[in-house]
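A look at the structure
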Amino acid sequence: MMRRHLASYSSVLFSSFRSYVPNQAPYALKFLEHFTTEYYVSEKGGFSSKVRVPFISFVLGGPGSGKGTQCAKIAHTFGFTHLSAGDLLRTEISSNSEKGAAILETIKQGKIVPSEVTVNLIRRAIESSQNHKFLIDGFPRSEENRIAFEQIMGAEPNFVLYFDCPEEEMVKRVLCRNEGRVDDNIDTLKKRLKIYESLNLPVINYYLAKGKVHKINAIGPEEEIFEQVRPIIASYEGACK
Ligand SMILES: Nc1ncnc2c1ncn2[C@@H]1O[C@H](COP(=O)(O)OP(=O)(O)O)[C@@H](O)[C@H]1O
Ligand SMILES: O=c1ccn([C@@H]2O[C@H](COP(=O)(O)OP(=O)(O)O)[C@@H](O)[C@H]2O)c(=O)[nH]1
Ligand SMILES: [Mg+2]
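Rules of the game
Residues numbered from 1 in each chain as written. Chains lettered and ligands numbered in written order. Predicted model: local features only at pLDDT ≥ 70, side-chain atom pairs only at ≥ 80, totals over all residues. Heavy atoms only, no water. Near = heavy atom within 4 Å. Polar contact = N/O pair within 3.5 Å; in protein donor to acceptor, adjacent residues only side chain to side chain. Areas by Shrake-Rupley, 256 points an atom, 1.4 Å probe, with all protein chains shown as cover. 1 Å grid on protein atoms, 1.4 Å probe; cavity = no way out; pocket = protein on both sides within 12 Å on 5 of 7 lines; lining within 4 Å. Sits in = over half its atoms within 2 Å of the grid points. Helix = DSSP H or I, 4+ residues; strand = E, 2+ residues; numbered from the N terminus. Points joined across faces, edges and corners; volume = space filled by probe spheres on them. Nonpolar A, V, L, I, M, F, W, Y, C, P; charged D, E, K, R; others polar.

On to the site of ligand 2. If you check the shell around ligand 2, you find 19 residues, and the closest are Lys67, Arg90, Lys111, Val113 and Arg192. Between ligand 2 and the protein, one listed contact pairs an oxygen atom with a side-chain N or O atom of Arg141 at 2.9 Å. Contact distances for ligand 2 include 2.9 Å between an oxygen atom and a side-chain N or O atom of Arg177. Here ligand 2 loses 96% of its free accessible area of 530 Å² to cover by the protein chains. Of the pockets mapped on this structure, ligand 2 occupies the largest pocket. No other element matches helix H4 (residues 85-94), which puts four residues into the shell around ligand 2.

Our next topic: the site of ligand 1. Taken together, 14 residues sit near ligand 1, with Gly64, Lys67, Thr69, Arg177 and Gly220 positioned nearest. With respect to ligand 1, the backbone of Gly64 contributes an N or O atom lying 2.8 Å from an oxygen atom. Between ligand 1 and Arg177, the relevant distance is 2.8 Å, taken from an oxygen atom to a side-chain nitrogen or oxygen of the residue. Counting atoms within 2 Å of the grid points, the majority share of ligand 1 lands in the largest pocket. For the shell around ligand 1, the secondary structure elements donating two or more residues are helix H3 (67-78) and helix H10 (222-234). In terms of residue count, H3 provides more of the shell around ligand 1 than any other element does, three residues in total.

With that out of the way, let us pick up empty space enclosed by the protein. Scanning the entire structure with this criterion turns up one cavity of 30 Å³ or more. Computed from the structure, the largest cavity encloses a volume of approximately 50 Å³. What lines the largest cavity is simply Leu60, Gly61, Lys67, Gly138, Pro140, Arg141, Tyr196, Asn200 and Ile204. Elements supplying a minimum of two residues to the lining of the largest cavity: strand S3 (55-61) and helix H9 (186-209). By residue class, the composition of the lining of the largest cavity is four nonpolar, three polar and two charged.

Structural data, given as structure tokens:
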């Protein structure tokens, strides 16, 4: 009873929190429980409790646009926890879990892993973190991903960073990345670029229409790109303390 009260009260206070989808309530509730540690909230009638909500940025852009590179800088400078969806999936593959083989096959084909799998990995990472500020890098990759996240987590991002990079440059960077990834080859990359256009861009457009997107010109030296990013993140510092 008290938890339900907390949930609805926090959703009024913080616009990033949505009302819960009924059949997903247990996940959403568990998610919220984790953040009931910091801020005092009270209302008329004497009810008082501590509520902490996560501050979330989605970091989007094509393969090789520099998401991971810039996220590392943001995490270091501003104290965010960097959650790369691709890294979470690769860790799952390395753990030899039941789902690992199917995830590996999907990544090799440049396709998108089922939403439920990725969202649950992100959810677990958030729940097990002591931090409340998260960069979710490379997710959502489709409208279906986005909707699954909002339903399961009962939350949407506070803002979105979009690294806008010409295809030619992305191809050059991915083929030179040299991290031994199974998907950094020209055949898989072509498929990833097609999926980026057909499925990722609609997500960016969705958040553009909501006024949540900060578009970054991803061409230039890493440090110069970070100088575009820095004031954007700094402008949210008050909101995510
Ligand atoms: N501004 C940049 N200019 C040139 N190369 C870059 C730049 N930013 C990142 N890189 C390199 O390009 C490759 C892809 O960057 P990465 O951050 O992994 O991108 P993403 O996560 O978007 O795929 C990496 O090898 C990285 O070192
Ligand atoms: O939410 C996600 C994130 C990644 N992937 C898969 O993992 C691959 C690598 O993703 P990552 O973000 O690491 O690639 P990057 O954009 O950084 O090159 C993608 O092509 C997809 O096959 C996915 O299915 N869902
Ligand atoms: Mg990356």
